[in-house]
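What follows is the residue order along each chain.
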Amino acid sequence: MKESKLGLAIVALLLLFLITISVMNIETEESVLEEAMTIAEDTFNQTPKESNKEVENFFLYIPDELEVDERNKNNAVLVADDGQSYILFINDKENQRSTLNYATVRETGDSEWLQSFEDADHFGYIYINPLDEDYEVQLGIGGVKLTTISGKDSIVDDVKMMMTISKSVEYEEIQEG
């Protein structure tokens, strides 16, 4: 009888230990989104990757795990191996310092997860909109905007890849007039 109580106590302690370790390893939503914001800014500040694709009237870097599914003059749909889509929009009437996309989000969206950054030649931003279980991620530089729906476990990697792509886009700015 004494041995079974000792066995139950040991099992209970082991379960408590496993539950405690599991809870400690779960990242909170806030910490994941903060990390995504930091990654976006860090990647924005890096040297752009050299373009490896031409899509209609612009050049850009596309990682190996993505392919161009649809395209037209100002848009491209990039699709990952797992089926996730990334929608790329290029407003060639806006230069790389344009704040138009950022201002639009700021006026219409919740600004809790909206951040901008700039250097001498570029203006960039990231906006994360929490949905039910996923996140709408929108980021861009100047006239370039890239959007996807991401899960909590992949948002940091998605943001890094998306900012890398956005930073690499080269397009001919069209002057109106």
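The following refers to the structure shown. (Residues numbered from 1 in each chain as written. Predicted model: local features only at pLDDT ≥ 70, side-chain atom pairs only at ≥ 80, totals over all residues. Heavy atoms only, no water.)

A few words now on the overall build of the protein. Looking only at helices and strands, one finds four helices and ten strands in the protein. The order of helices and strands in the protein, counted from the N terminus, is α-α-β-β-β-β-β-α-β-β-β-β-α-β. Within the protein, buried positions represent 39% of all 177 residues. For the protein, the share of sequence-separated contacts (at least 6 apart) that also reach a separation of at least 24 residues comes to 52%. Summed over its atoms, the accessible surface of the protein is roughly 10700 Å², and 50% of this surface lies on carbon and sulfur atoms. (Helix = DSSP H or I, 4+ residues; strand = E, 2+ residues; numbered from the N terminus. Buried < 20%, exposed > 50% of the residue type's maximum accessible area, 1.4 Å probe, protein only. Contact = heavy atoms within 4.5 Å. Areas by Shrake-Rupley, 256 points an atom, 1.4 Å probe, with all protein chains shown as cover.)

On to the sheet that holds strand S3 (residues 66–71), then. Strands belonging to one sheet form pairs held by backbone hydrogen bonds; the direction of such a pair is parallel or antiparallel. An order of S3-S4-S5-S9-S8-S7-S6 is seen for the seven strands of this open sheet, with the pairing classed as antiparallel. Since the sheet does not close on itself, it has two edges, and those belong to S3 and strand S6 (114–118), each with one partner. The average undirected angle you get between the axes of adjacent strands in this sheet is 20°. As paired elements, strand S5 (residues 85–90) and strand S9 (residues 144–150) share four bridges and run antiparallel to each other. Bridging across to S9, Ile-90 finds its partner in Val-144. Its contacts with the sheet put helix H2 (residues 29–44) on S6, strand S7 (123–130) and strand S8 (135–141), and the angle it makes with S7 is roughly 160°. In this fold helix H4 (residues 155–168) packs onto S3, strand S4 (75–80), S5, S6, S7, S8 and S9, with an angle of close to 25° to the strand it touches most, S8. (Pairing = 2+ DSSP bridges. Axes fitted to C-alpha atoms, helices over the stretch in contact; angles between N-to-C directions.)

Okay, the sheet that holds strand S1 (residues 53–55) next. If you trace the three strands from one edge of the open sheet to the other, you get S1-S2-S10, paired in antiparallel fashion. The open sheet terminates on both sides in strands that have one partner only, identified here as S1 and strand S10 (170–171). By the bridge criterion, three bridges tie S1 to strand S2 (residues 58–60) in an arrangement that is antiparallel. By the bridge assignment for S2, Val-55 is matched with Phe-58.

This paragraph deals with the packing of aromatic side chains. The way to describe two aromatic rings as a pair is by their centre distance and the angle between their planes. Scanning the entire structure with this criterion turns up three aromatic pairs. Ring plane angle 50° and centroid distance 5.1 Å describe the contact between Phe-44 and Phe-117, whose orientation is recorded as tilted. Linking Phe-44 in helix H2 with Phe-117 in strand S6, this pair joins segments that are 73 residues apart in sequence. In this structure, Phe-44 and Phe-117 share a single accessibility class: buried. Considering the side-chain rings of Tyr-102 and Phe-123, the 5.3 Å spacing of their centres and the 70° angle between planes classify their relative orientation as edge-to-face. Here Tyr-102 is found in helix H3 (residues 100–108), whereas its partner Phe-123 is found in strand S7, with 21 residues between them in sequence. Grouping residues by exposure puts Tyr-102 and Phe-123 together as buried. Across from the ring centre of Phe-44, 4.7 Å away, lies the NZ or CZ of Lys-167, which sits over that ring. (Phe/Tyr/Trp six-rings, centres within 6.5 Å; stacked < 30°, edge-to-face > 60°. Lys NZ or Arg CZ within 6 Å of the ring centre and 35° of its normal.)

One ladder, built from five bridges, connects S3 with S4; its direction is antiparallel. Looking across to S4, one finds that Arg-71 is bridged to Ala-76.

What follows is about the pairing of S5. Here S5 shows a buried face lined by Tyr-86, Leu-88 and Ile-90 and an unburied face lined by Ser-85, Ile-87 and Phe-89. Summarising the sheet, S4 and S5 pair through five bridges and their orientation is antiparallel. For Val-77, the partnering residue across the bridge sits in S5 and is Ile-87. The turn joining S4 and S5, which pair antiparallel and follow one another in sequence, is formed by four residues; a positive phi near 95° is taken by Gly-83.

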